[in-house]
Amino acid sequence: MRPQLVIVGAGPRGTGLLERIAANAPELCTGRGLDIHLVDPHPPGGGRIWRQEQSPLLWMNSHAQDVTMFTDDTVPMDGPVREGPTLHEWAGLDGATFAGRQLQGGYLRWVYERTLAGLPPGVTVHHHPRRALRISGPREGRQRVWLEGGPRPLLADLVILAIGHLDAEPDAEQAELGAYAREHGLVHLPPDFTADSDLSPLGPGEPVLVRGFGLAFVDLMVLLTEGRGGRYEGDTYVPSGREPVLYVGSRRGVPYHSKIGYDWTGDRPVLPRFLGPAEIEALSGRPEGFDFRRDVWPLVEKELGFAHYHRLFTAHAERTAMAWADFEEKYAAAGDIAETRALVAAAVPDPADRLDLAALDHPLDTVRYASHEDFQEGLRGYVEADLARRHDPSHSADLGVFLGLLSVYGQLARLGDIGPWWHGFFSFLASGPPGPRLRQMLALSRAGLLRFVGADMTVTAEDGLFRATSPTVPGFSVQARVLVEARLPTPTVGRARDSLLRELHADGAAETPDGLLRVDPGDGRILDGGGRPHPRRFALGPYTDARTPGAFTRPRTGGAAFRQNDATARAALAFLSGSPLKEPTR
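Every value quoted in this text rests on a predicted model; they were computed, and no experiment measured them.

Reading guide: rules and limits
- Residues numbered from 1 in each chain as written.
- Predicted model: local features only at pLDDT ≥ 70, side-chain atom pairs only at ≥ 80, totals over all residues.
- Heavy atoms only, no water.
- Helix = DSSP H or I, 4+ residues; strand = E, 2+ residues; numbered from the N terminus.
- Rg over C-alpha atoms; globule rule 2.2 N^0.38 Å.
- Buried < 20%, exposed > 50% of the residue type's maximum accessible area, 1.4 Å probe, protein only.
- Contact = heavy atoms within 4.5 Å.
- Areas by Shrake-Rupley, 256 points an atom, 1.4 Å probe, with all protein chains shown as cover.
- Lys, Arg positive; Asp, Glu negative; His and termini not counted.
- Charge placed at Lys NZ, Arg CZ, Asp CG, Glu CD.
- Pairing = 2+ DSSP bridges.
- Axes fitted to C-alpha atoms, helices over the stretch in contact; angles between N-to-C directions.
- Core = buried A, V, L, I, M, F, W, Y, C linked by side-chain atoms within 4.5 Å.
- Phe/Tyr/Trp six-rings, centres within 6.5 Å; stacked < 30°, edge-to-face > 60°.
- Salt bridge = Lys/Arg side-chain N within 4 Å of Asp/Glu carboxyl O.
- Parallel < 35°, antiparallel > 145°, perpendicular 65-115°, else oblique.
- Left-handed = near helix turned anticlockwise from the far one by under 90°.
- Arc of directions from axis to C-beta.
- Polar contact = N/O pair within 3.5 Å; in protein donor to acceptor, adjacent residues only side chain to side chain.

*Asks:* When you look at the overall build of the protein chain in this model, what are you seeing that I'm missing?
*Replies:* If you tally the helices and strands in the protein chain, you get 16 helices and 19 strands. The C-alpha atoms of the protein chain give 25 Å as radius of gyration, which agrees with the globular expectation for 586 residues (25 Å, within 12%). Across its three principal directions, the C-alpha atoms of the protein chain cover 75 × 65 × 50 Å. The buried share among the 586 residues of the protein chain stands at 56%. Sequence separation of 24 or more characterises 76% of the internal contacts of the protein chain that already satisfy a separation of 6 or more. Taken as a whole, the protein chain presents about 23,600 Å² of accessible surface, with 52% of it coming from carbon and sulfur. Averaging the coordinates of the 63 positive side-chain charges in the protein chain and doing the same for the 74 negative ones gives two points 5 Å apart.

This is how it looks when you write it as structure tokens:
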């Protein structure tokens, strides 16, 4: 009987995995052939998030030149490189364009169809447009994948989960607020993929409280303004009269940093330098485990500092007081943060040129405003300064930090459980909105349709309404009948609405303290509570402790997701051909 492989999830991760299977199959697939069953209720390629049937107003969050689905020779993997076009090459766009998600969905569909066309003879893909409900079967025997509405399960010699972002049950606070909303006739929208949210209850002119200032908020802002007929004339917003008034706050109280608006020139820092495979292996090998803040963060800070100062000293030497070679030697030798700070103070005269990660992470911590209106003006100034800096090559040390963040995330993906704080910090600095979106925020703020609440925004339910406050503006509060949680659902196995993940959890699959599915960092096999890898079940993506940064990979950056896809594809093909599983390239 032909080997049977089931892949649950046909979005970018499932498509990328399929591409790696096609690339490795000529070497590893036996003459018996292979049936691949791709399970997803949404169209293959884009899946749910990147489907082509969504608002044309929604953009990607990356330049078109920074999005590729194809490997290159920078990826540390055992399989063959199969090059292909980036999004901007495929679509004929200017590389600096922020393409619409509809167009990206078309690119992904094309990648999927090209991959199918490149499969060797005897390898066949069957798409099942249904939800996978659960997996059953013994560790050493065939698995059964039960599909919604299906009369019988799919039989699988091996199952790979590539399910991406899914809905989640609300946490305790959200559940309490939701119950209050139902009792008092209010509207509470829990975390969701914004394009799927029903925004019709948000009436024209009414105040809407919004928690979350990241990418989900940007989508919400677009759909409730341009999506309701408004338009921009230069830096001025012309309302349609159908918009609500958005009161937005978050833990930091500021939007994510703008995408950098210039290209790299000159020498790149050689990364990794202080947090590479050797350091990750040492951390992984500690019998007592590790603490992220104590053991990992100092290495992260050292690596990001190296990337920052390499760029400052090599591209803007006139703003430094020491030769780069001398600084690099002393920086590497510095034994603690105090020694490093003393070195930086001596070598970098202007404090604005020094990297202060704590200040970046908490920009409003010690800031207080006398009035709500003062804060509106102050935060507009913050956004304007961020836009100016992120589009000024004289501050290209910021781009050095960006490259350092990509390198660090790629290394930490091999480490496993690193906690949610790091992912949020990375997204805040490296995965913010396009500059034009921040300029739209400024226009909406000046038009009075976007109001900033502040940092550490607190929402309470009282007197039949929701009420928001922030210590940024002492004494200020705003009440509304609508509260929107503008963020994606937290990827936790235990709270996932997806029954397949819940069944895995109940079946003994291990999870981290933060609720992520534990997998082997080498090839993605799901681990049980004793740390044993399941021989027939694999998982990739944001619900695992080996999740990688962003939805897509930038060309020639090593591609942690590509490395994982290749290792999983090779392990799966080796298993299905009867060959022993080999240790993948780390």
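That was the structure; now back to the text.
*Asks:* When you look at the sheet that holds strand β14 (residues 458-462) in this model, what are you seeing that I'm missing?
*Replies:* Sheet strands line up and pair through hydrogen bonds in the backbone, either parallel or antiparallel. The three strands are arranged β14-β15-β16 in an open sheet whose pairing can be described as antiparallel. Strands with a single pairing partner mark the edges of an open sheet, and in this sheet they are β14 and β16 (477-480). Taken pair by pair, the neighbouring strands of this sheet meet at an average axis angle of 25°, ignoring direction. Where β14 and strand β15 (residues 465-469) come together, five bridges link them in antiparallel fashion. Along β15, the bridge assignment pairs Thr458 with Thr469.

*Asks:* How should I be thinking about the nonpolar core in this particular structure?
*Replies:* Across soluble globular proteins, you tend to see nonpolar side chains buried next to one another. Among the nonpolar cores identified, the biggest contains 82 residues, and Phe217, Leu412 and Trp422 are the most heavily contacted of them. If we skip the residues at most four places from it in the chain, Leu412 touches Leu275, Ile280, Phe292, Val296, Val300, Ile418 and Trp422.

*Asks:* Explain the packing of aromatic side chains to me, please; I cannot follow it from the model alone.
*Replies:* We describe a pair of aromatic rings using the distance from one ring centre to the other and the angle between the two ring planes. A complete count under the given rule lists 28 aromatic pairs for this structure. Both rings, one in Phe70 and one in Trp110, keep their centres 6.2 Å apart while their planes meet at 70°; by these two values the pair is edge-to-face. Note that Phe70 is positioned in the loop between β2 (34-39) and α2 (87-91) and Trp110 in helix α3 (residues 101-117), a separation of 40 residues in sequence. For Phe70, a relative accessible area of 3% puts it in the buried group.

*Asks:* Explain the pattern of salt bridges to me, please; I cannot follow it from the model alone.
*Replies:* Pairs can form between side chains of opposite charge once their charged atoms are near each other. If you walk through the whole model with that rule in mind, you get 34 salt bridges. The salt bridge involving Arg437 is made with Glu226; its shortest N-O contact spans 3.8 Å. Placement of Arg437 in helix α14 (residues 435-446) and of Glu226 in the loop between α5 (215-224) and β10 (231-233) is noted, with a sequence separation of 211 residues between them. Here Arg537 makes a salt bridge to Asp507, at a shortest N to O gap of 3.2 Å.

*Asks:* Help me out: how do you make sense of the pairing of strand β1 (residues 4-8) in this one?
*Replies:* In regular strands, side chains alternate between the two faces of the sheet. Most of β1 sits out of view: five of its five residues are buried. Neither face of β1 is exposed, since Gln4, Val6 and Val8 on one face and Leu5 and Ile7 on the opposite face are all buried. Alignment of β1 against strand β7 (residues 158-161), held across four bridges, turns out to be parallel. Across the sheet, the residue bridging to Val6 is Val159, located in β7.

*Asks:* Please clarify how unusual backbone geometry should be interpreted in this entry.
*Replies:* Residue Pro272 follows Leu271 across a cis peptide bond; omega there is 0°. Despite not being glycine, Asp456 shows a phi value in the positive range, around 50°. Here Asp456 is to be found in the loop between β13 (450-455) and β14. Positive phi, normally seen in glycine, also occurs at Arg556, with a value near 60°. Classification of Arg556 as exposed rests on a relative accessible area of 51%.

*Asks:* When you look at the sheet that holds strand β8 (residues 187-189) in this model, what are you seeing that I'm missing?
*Replies:* The strand order β8-β17-β9-β12-β13 describes an open sheet built from five strands, whose pairing is parallel. Each having just a single partner strand, β8 and β13 make up the two edges of the open sheet. Strand-to-strand twist of the sheet, defined as the mean angle between neighbouring strand axes without regard to direction, takes the value 20°. Direction of pairing for strand β9 (residues 207-211) relative to strand β17 (residues 482-485): parallel, over a ladder of three bridges. Among the inter-strand pairings, Leu209 is bridged to a residue of β17, identified as Leu483. Packing of helix α4 (residues 172-184) onto the sheet brings it into contact with β8, β9 and β17, and relative to β8 it is tilted by some 150°.

*Asks:* Before we go on, may I ask you to explain the side chain of Thr340 in this structure?
*Replies:* Mapped onto the elements, Thr340 comes out in helix α9 (residues 337-347). Here Thr340 falls in the buried class, since its relative accessible area comes to 11%. The residues contacting Thr340, other than those within four sequence positions of it, are Lys302, Tyr331 and Ala334.

*Asks:* Even after reading the chapter, I still don't get the packing of helix α12 (residues 397-412) against helix α13 (residues 420-430), so can you show me in this structure?
*Replies:* Helix-helix packing: each pair is described by the crossing angle between the helix axes and the interaxial distance. Between α12 and α13, whose axes approach to 10 Å, the crossing angle comes to 155°. As far as their axial angle goes, α13 and α12 are roughly antiparallel. In terms of crossing hand, the pair formed by α12 and α13 is left-handed. Residues Phe402, Leu405, Leu406, Val408, Tyr409 and Leu412 of α12 form the contact with α13, whose participating residues are Trp422, His423, Phe425, Phe426, Leu429 and Ala430.

*Asks:* Please clarify how α9 should be interpreted in this entry.
*Replies:* An α-helix turns once per 3.6 residues; consequently, residues spaced three or four apart project the same way. Along α9, the residues that are buried comprise Thr340, Leu343, Val344 and Ala347. Taken around the axis of α9, the buried residues stretch over an arc of 95°, which confines them to a single face. Seen from the buried face of α9, the exposed residues on the opposite side, beyond 90 degrees, are Ala338, Arg341 and Ala346. Regarding α9, its N-cap is Asp336, as a side-chain oxygen of that residue lies 3.2 Å from the backbone nitrogen of Ala338 further along.

*Asks:* Looking at this structure, how should I read the environment of Phe193?
*Replies:* Structurally, the position occupied by Phe193 is in the loop between β8 and β9. Taking the relative accessible area as the measure of exposure, Phe193 reaches 6% and is therefore buried. Through-space distance from the C-alpha of Phe193 to that of Asp353 is 38 Å; in sequence the pair is 160 residues apart. When neighbours within four sequence positions are excluded, Phe193 is seen to be in contact with Arg48, Ile49, Arg51, Gln54, Arg101 and Leu488.

*Asks:* I keep staring at the side chain of Asp219 and nothing clicks. Help me out?
*Replies:* On the secondary structure map, Asp219 appears in helix α5. Within the local environment of Asp219, its side chain forms a polar contact with the side chain of Arg101, the two groups lying 2.7 Å apart. If near-sequence neighbours (up to four positions away) are discounted, Asp219 is found in contact with Leu58, Arg101 and Thr194.

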